[in-house]
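# Summary of structural features
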Amino acid sequence: IQWFPGHMAKARRQIEERLKLIDVAIELLDARIPLSSRNPMIDDILAQKPRIVLLNKADIADERITKEWIRYFADRKLKALPVESTTGKGVKEITEAAKEKMADKFAAMGRKGIQPRAVRALIVGIPNVGKSTLINRLAGRSAAATGDRPGVTKAQQWIRIGSELELLDTPGILWPKFEEEWVGYHLAATGAIKDEILNSEDIAFYILKYLIREYPKALEERYGIEQLPEDTENPHEVVELMEQIGRKRGCLQSGGSVNLEKASNVILRDLRTEKLGRISLERPSDFEAL
Ligand code: GDP
């Protein structure tokens, strides 16, 4: 999806329209990049709606960091839960959290203890964060893709999940934030946006710097590196490491020098396929000021 101002306004309008139908909004984020995978206007869009935050793909994020994020959101009065939509881990806790949110709302209205019906919810998130996977997982079946059928306008459909939750079958799709360079790198590195938008060497360079600082062991083990650069602010040292990795992986071009683009793709592929272990690219301590 290419996001232009017109698309953004339309996406926002579509979600706001459907917010009228629901009790609780479920904001889906990528646990590896909770800030970059967050829509920049989400607080505004969801405004007064009771909300829960899900940190999806928790299976491939750094567990310790995910716990820090859950505290980060708690400090901001948002209940966040780790979820693995592909395996189903953490999924049944969603219903409980949604019920609690609705109970809170009723209590605030002076109707404590009354829960007259199933909680109605809408999942919202940026592309590729796992919305469809989660909906299918919650629904407990592989819901058929809703392709365009000529002449048929798709009505709003509810998916019943047990007796306590009802979910709108199509999620709300929002745009990621594009304001800063690091956001683009994080989105590209995790596969949320296509590589072609940014240069893969730039992405890999950025990621490598981060990995040297935060996950040195993963690099040493994966690539058999003995001495990592000490100064990640020195680009020559980082490029040298990239070359070292490329050489070990046979990413050579004619003449025998390292093909940095190939080396970059090795690093990014290893990151995305968990060959470097469970890695989170954003930690609350880096962003407390935001
Ligand atoms: P959507 O665009 O938000 O609907 O995202 P999808 O449901 O299509 O998921 C995008 C990609 O993320 C797919 O390749 C999924 O298999 C993958 N994915 C979704 N949830 C998880 C998860 O919890 N863990 C992992 N490892 N991958 C996931």
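Notes on the structure in this doc start here.

Thresholds applied
- Residues numbered from 1 in each chain as written.
- Predicted model: local features only at pLDDT ≥ 70, side-chain atom pairs only at ≥ 80, totals over all residues.
- Heavy atoms only, no water.
- Helix = DSSP H or I, 4+ residues; strand = E, 2+ residues; numbered from the N terminus.
- Buried < 20%, exposed > 50% of the residue type's maximum accessible area, 1.4 Å probe, protein only.
- Areas by Shrake-Rupley, 256 points an atom, 1.4 Å probe, with all protein chains shown as cover.
- Lys, Arg positive; Asp, Glu negative; His and termini not counted.
- Charge placed at Lys NZ, Arg CZ, Asp CG, Glu CD.
- Near = heavy atom within 4 Å.
- Nonpolar A, V, L, I, M, F, W, Y, C, P; charged D, E, K, R; others polar.
- Expected span 1.5 Å × (residues − 1).
- Arc of directions from axis to C-beta.
- Contact = heavy atoms within 4.5 Å.
- Polar contact = N/O pair within 3.5 Å; in protein donor to acceptor, adjacent residues only side chain to side chain.
- Pairing = 2+ DSSP bridges.
- Right-handed = clockwise from strand over helix to strand, strands pointing away.

## Observations concerning the overall build of the protein chain
Scanning the protein chain for helices and strands turns up 11 helices and seven strands. Along the three orthogonal principal directions, the C-alpha set of the protein chain runs to about 70 × 45 × 35 Å. For the protein chain, with 290 residues in total, the buried portion stands at 47%. Total accessible area computed for the protein chain in this model is approximately 15,000 Å², and 48% of it derives from carbon and sulfur atoms. Charge separation in the protein chain, taken as the distance between the mean sites of 46 positive and 44 negative side-chain charges, equals 9 Å.

## Observations concerning the site of the ligand
Looking at the ligand, there are 15 residues lining it, with Asp59, Asn128, Lys131, Ser132 and Thr133 nearest. Expressed as a share of its isolated accessible area of 580 Å², the protein-covered part of the ligand is 71%. Looking at side-chain class alone, the shell around the ligand contains four nonpolar, seven polar and four charged residues.

## What to know about helix α3 (residues 63-75)
When the terminal C-alpha atoms of α3 are compared, their 19 Å separation across 13 residues agrees well with the 18 Å that a helix rising 1.5 Å per residue should span. Buried residues of α3: Ile65, Thr66, Trp69, Tyr72 and Phe73, and no others. For α3, the buried positions fall inside an angular range of 110° around the axis, keeping them on one side. Along α3, exposed side chains directed more than 90 degrees from the buried face belong to Arg64, Lys67, Arg71 and Asp75. The inward-facing, buried residues of α3 contact β1 (24-30), β2 (51-56), β3 (79-82) and α11 (284-287). Of the residues trailing α3, Lys77 is marked for its positive phi of about 65°.

## Focus on the side chain of Asp23
Topologically, Asp23 is positioned in the loop between α1 (5-19) and β1. Of note is the side chain of Asp23, whose polar atom sits 2.8 Å from the side chain of Arg117. When near neighbours in sequence (up to four residues on either side) are disregarded, Asp23 contacts Lys49, Pro50, Met102, Lys105, Arg117, Ala118, Val119 and Arg120.

## Some words on the pairing of β3
The pairing of β2 with β3 spans four bridges and is classified as parallel. Note that in β3 the partner of Leu55 across the bridge is Pro82. At this point the chain moves from β2, through α3, to the parallel β3, and the crossover so formed is right-handed.

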